Each structure stands twice: as C-alpha cells, then as structure tokens.
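Here are the chains, one letter per residue:
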Amino acid sequence: MRGFAGLLIIAAMAVAPVASAQIHVGRNVEGGLPWSVAAPQGASWSLVCRFAPVTYEASQWDRRHWTNKIATTGTGAARGRLPHQDGRCAVTKTGGPGPVAIAMVKDGEVQSDATNDRTRPAAVGFL
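Caption draft 1: Spatial organisation of the pairing of strand E3 (residues 44-56). Of the pairings in the sheet, the one linking strand E1 (residues 23-24) to E3 comprises 2 bridges and is parallel in character. The partner of His 24 across the bridge, within E3, is Thr 55.

So, in structure tokens, the structure goes:
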C-alpha cells in the first residue's frame, strides 16, 4: 500500500505543473495559431485540435471555463485560430468528392498535410 501511495504523490506532483500552466485567455479564444482547412471539391470533414489547457470566459456566469480541445465539422473550406501559440490539428475526410487538407502557420513556418483517405487523417502541429 505504501508503494501505491508513493505513486499517487508522484502523479500529483507531475500533474501540478500542468494545472498551474493554464493560460487565461478571457474572451479572446481565437488569439493564437491560425488553422485553415481546404476541401477544393467540397468534401465534408471533421477537425480536432488539441492545445495546452486554457481557461476562458464562456459567459458572464462562467468566467473560468477550461478546455484543451476544439472539435468541429464542415464542408468545403474553413478557417479559425487556436487560443494561443501552440497546438496540433487533424482533419479527417468524412464524405464527398476530392481531398481535404489542413495548414497552420507559426513565426513564418508553414506546416500542411492532405488526405483523400477516410481512414488516414491529415495532421499538423506546433508544440
């Protein structure tokens, strides 16, 4: 039992820096890395982006809502931004003709990937 208690203490110590590393972005939930999805022939897709934990003002009653993920779906092209300057995104083709692609830019560096395969997502990221 002592070994288990020791593991819990070590786990708590490992998680504490991550919890304290949360960035509060207020209402500016799209102030970070830009992402762009392209589907030139109108394919449908799902996008999942993950990033370091942030807190934000979801409403006047919920001023410290926590998240580390954005998930959305769409058809054709779309753009958005992550809450801050790190993260990774993957786009999966869900239907329609043609490929889907994802791109991100950070400090002048561009990362992009594309897929026409529903079982292999296109993924990019800066961490």
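Caption draft 2: Fine view of the environment of Leu 127. With respect to the helices, strands and loops of the structure, Leu 127 is situated in the segment after strand E9 (122-126). What makes Leu 127 exposed here is its relative accessible area of 76%. Taking C-alpha positions, Leu 127 is 7.4 Å from Arg 88, a pair spaced 39 residues apart along the chain. What Leu 127 contacts, discounting residues up to four positions off in sequence, is Asp 86, Gly 87 and Arg 88.

Caption draft 3: Structural context of the nonpolar core. If you look at the biggest cluster of nonpolar residues, it comprises 19 residues, and the most contacted ones within it are Trp 35, Leu 47, Leu 82, Cys 89, Val 91, Ile 102 and Met 104. For this core, the secondary-structure elements that each account for two or more residues are strand E2 (34-38), E3, strand E6 (87-95), strand E7 (100-106) and E9. Residue contributions to this core peak at 5 residues, all from E3.

Caption draft 4: Highlighting the sheet that holds strand E8 (residues 109-115). Read from one edge of the open sheet, 4 strands run E5-E2-E7-E8, paired in antiparallel fashion. Each edge of the open sheet carries a strand with a single partner, namely strand E5 (78-81) and E8. Averaged over all adjacent pairs, the angle separating strand axes in this sheet is 15 degrees, with direction ignored.

About the criteria used
- Starting from 1, residues in each chain are numbered consecutively following that chain's sequence as written.
- Only residues with pLDDT of 70 or above have their local features reported here, since the model is predicted, and side-chain atom pairs are shown and tallied only from 80 upward, although totals for entire chains, interfaces and linings are computed over all residues.
- Here the side-chain values reflect all heavy atoms present in the structure, with hydrogen atoms and water set aside.
- We call two strands paired when DSSP finds no fewer than two bridges between them.
- Only DSSP runs of H or I with at least four residues qualify as helices, and only runs of E with at least two residues qualify as strands; both kinds are numbered from the N terminus onward.
- Here's how the labels work: a residue is buried when its accessible area is under 20% of the maximum for its type, exposed when over 50%, partly exposed in between, all with a 1.4 Å probe on protein chains only.
- For this analysis, residues touch if any pair of their heavy atoms sits within 4.5 Å.
- The nonpolar core is taken to be a set of buried Ala, Val, Leu, Ile, Met, Phe, Trp, Tyr and Cys residues, with the residues joined through side-chain atoms within 4.5 Å.
- Between N-to-C directions, angles span 0 to 180 degrees; the directions come from axes that are lines fitted to C-alpha atoms, helices contributing only their stretch in contact.

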